[in-house]
Amino acid sequence: MVTRRDLIAGAAAFSGSAAAGFLAVGRRVEARAVDPQDVIARPIADGVKAVTFDLAERPTALPCFDGKTLPLWTFEAGTTFPIVRMKLGERFDTVFKNNLPVPGEVASIHWHGLRIPNDQDGVPYMTQQPIAQGAEGHYSFVPPDTGSFFFHTHCNSTEHFGRGLIGVLIVEGDEISPPDAEVVLLMKDWRIGPDGAFLPFTTDEGAAKGGTPGTVRSVNGERSPVFTVPSSADVRIRFYNLDPMRISEIGFENAEAAIIAVDGNGLPPIPLESWRMGTSMRLDILLRSAPPGESIKLFDYFSKEPYVLAEFKSEGPPKRTGKFEATPLKVMPFPKLDEASAQRIPFEFSATPTGASIAAAGAVSDIQIGPLCLAKRTFWAINKEAWPGHDHKDLGPPFAVLKSGNSYIFELKNTTPRAHPIHIHGHTFEVLNSSLRHIPRVRCDTVLLLPNERIEVGVVAGDPGKWMFHCHILEHQEAGMMGYIEVV
């Protein structure tokens, strides 16, 4: 059995390694079986959840900045990372104004992980015209699924993420029995120089390799925050990797915990020892907290040294005295994949000659994103095509044309020495197999493709429209590893 210390030894040496497994199962966790009655067949609420966002620069001092104030960009005043909660079945109405400070800076909002109508997906020049500086935009849709989702802009994403322009959307209604507490954790690094100012958010060297790393780590804007939780309690943790490039391997020391959802999608509970996560991926965890006065630490083992992401300190009398039994979540009725009749479509993720040469030379320079949301240089490609080869006014052909309701198997092949978290808009993947790892059959909207790995994923084509398909290491996305599929 692989232990976390084995994973540390294999993973700490490099950020793109295939040495460690996707999952290592630790101590046994009892789990209640999934009942067919736990499928959510229809909305459980109605009404409207209305929010207003004002995208603007707001100088902010977060604890991880050691009191220094930085010009963050946020969705609303008074909140660095807004958390919007709504019930399944509610309509989500959003009005936002683009008051970003850079002349000509356009904006649109993408709702990451949500299977919503194509015209609400928030991709500039593809599903909508971007909102100009000083103008106002809006979205209106009913999320069809429960889960842990988030939202972000989809132009100049490296700078927008780098300045903190990220928010969380939680669609409630998936719990069979409520936990004793819930904690939302947002992991994100910041690129801050010795003078306390932002460093360039992207560089040629970073874009051509594994991404330009941050210099200050944080969870919820703090360094290794401590959360007070009930003692001997079942605590639901919604963990988000919202860094522009970091790959993490999260796990607890000496704790009973189970994975209950991946990218917001419920599954039969899996005992958690550690779990590999690329940027934009989410994990819902049920943790049995420590006895009174003790604490449990959450680590990232994919660092040079294990890094404490957060600590959970127990207070008060014990909430539970029996064995830890992970209760599954209710699940959504997704279309069933027909593997026997599924059409196979190959996707190769590769470096361009320019990217390979820059990575070898180690050149460092800033990358500028133009008004059409494109980098001037391309380092990465999908099926030999680098996305900025076309501007958004001339999209070029899709990677594939799918028929709504039909089943497909995407054969994802990584020919590079770097890992790529591959994200599809408006759909979810059903992970089928890997050439390098044993991967549980999970449903996700972002799948981490390790160096020289081949993964097969099942997709049932959803609503008609043009849907983006890209690496979610943001510098890779902006420098070529992006395109789209079309559903008819």
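Refer to the structure above for everything that follows.
Presented here is an overview of the structure given in this document.

The rules behind these values
- Residues numbered from 1 in each chain as written.
- Predicted model: local features only at pLDDT ≥ 70, side-chain atom pairs only at ≥ 80, totals over all residues.
- Heavy atoms only, no water.
- Phe/Tyr/Trp six-rings, centres within 6.5 Å; stacked < 30°, edge-to-face > 60°.
- Helix = DSSP H or I, 4+ residues; strand = E, 2+ residues; numbered from the N terminus.
- Buried < 20%, exposed > 50% of the residue type's maximum accessible area, 1.4 Å probe, protein only.
- Lys NZ or Arg CZ within 6 Å of the ring centre and 35° of its normal.
- 1 Å grid on protein atoms, 1.4 Å probe; cavity = no way out; pocket = protein on both sides within 12 Å on 5 of 7 lines; lining within 4 Å.
- Points joined across faces, edges and corners; volume = space filled by probe spheres on them.
- Nonpolar A, V, L, I, M, F, W, Y, C, P; charged D, E, K, R; others polar.
- Pairing = 2+ DSSP bridges.
- Core = buried A, V, L, I, M, F, W, Y, C linked by side-chain atoms within 4.5 Å.
- Contact = heavy atoms within 4.5 Å.
- Axes fitted to C-alpha atoms, helices over the stretch in contact; angles between N-to-C directions.

## Points about the packing of aromatic side chains
What describes a pair of aromatic rings is the distance from one ring centre to the other and the angle between the planes of the rings. In total, this model carries 23 aromatic pairs according to the counting rule given. When the centroid spacing of 5.0 Å and the interplanar angle of 75 degrees are considered together, the rings of Phe 75 and Phe 151 count as edge-to-face. Placement of the pair is Phe 75 in the loop between strand S4 (69–74) and strand S5 (83–87) and Phe 151 in strand S9 (residues 147–153), with a sequence separation of 76 residues. Overall, the relative accessible area of 0% leaves Phe 151 in the buried class. Grouping aromatic residues by their ring pairs yields a cluster made of Phe 53, Phe 75, Phe 92, Phe 96, Trp 111, Tyr 139, Phe 141 and Phe 151. Over the face of the ring belonging to Phe 334 we find Arg 443, whose NZ or CZ atom lies 4.2 Å from the ring centre.

## Remarks on empty space enclosed by the protein
Following the criterion strictly, the structure yields two cavities of 30 Å³ or more and no others. The space that makes up the largest cavity amounts to roughly 110 Å³. What lines the largest cavity is a set of 14 residues, and nearest its centre among them are Gly 162, Asp 189, Arg 191, Thr 212 and Pro 244. A class-by-class count of the residues in the lining of the largest cavity yields five nonpolar, four polar and five charged.

## With respect to the pairing of strand S30 (residues 454–460)
In terms of burial, S30 is a largely internal element, six of the seven residues being buried. Relative to S30, strand S25 (residues 407–414) is paired through seven bridges, and the arrangement is antiparallel. Note that in S30 the partner of Ile 409 across the bridge is Gly 458. Across four bridges, the pairing between strand S27 (residues 429–434) and S30 is antiparallel.

## Considering the nonpolar core
Membership of the largest hydrophobic core comes to 72 residues, with the highest contact counts inside it found for Leu 185, Phe 252, Phe 312 and Phe 410. With four residues, the top contributor of residues to this core is strand S11 (residues 181–187). When sequence neighbours within four positions are dropped, the list of residues in contact with Leu 185 reads Val 219, Asn 220, Phe 227, Ile 237, Arg 238, Phe 239, Tyr 240, Leu 298, Ala 310 and Phe 312. Residues Val 51, Ala 107, Phe 141 and Leu 165 belong to the second largest nonpolar core, which totals 27 residues.

## Brief notes about the sheet that holds strand S10 (residues 166–172)
Taken together, four strands build an open sheet; the order of strands is S5-S10-S9-S7 and the sheet is mixed. The open sheet is flanked by S5 and strand S7 (109–112), the only strands paired with a single partner. Going across the sheet, the axis of each strand differs from the next one's by a mean of 25 degrees, ignoring polarity. Pairing between S9 and S10: six bridges, direction antiparallel. The residue bridging Gly 147 from the neighbouring strand is Val 171, located in S10.

## Some remarks on unusual backbone geometry
Although it is not a glycine, Lys 384 sits at a positive phi angle of roughly 70 degrees. Here Lys 384 shows up in the loop between strand S23 (380–382) and strand S24 (401–402). Look at Lys 384 and you get exposed, because its relative accessible area is 65%. One non-glycine residue with positive phi stands out, namely Asn 452, at about 60 degrees. Secondary-structure assignment places Asn 452 in the loop between strand S29 (446–449) and S30.

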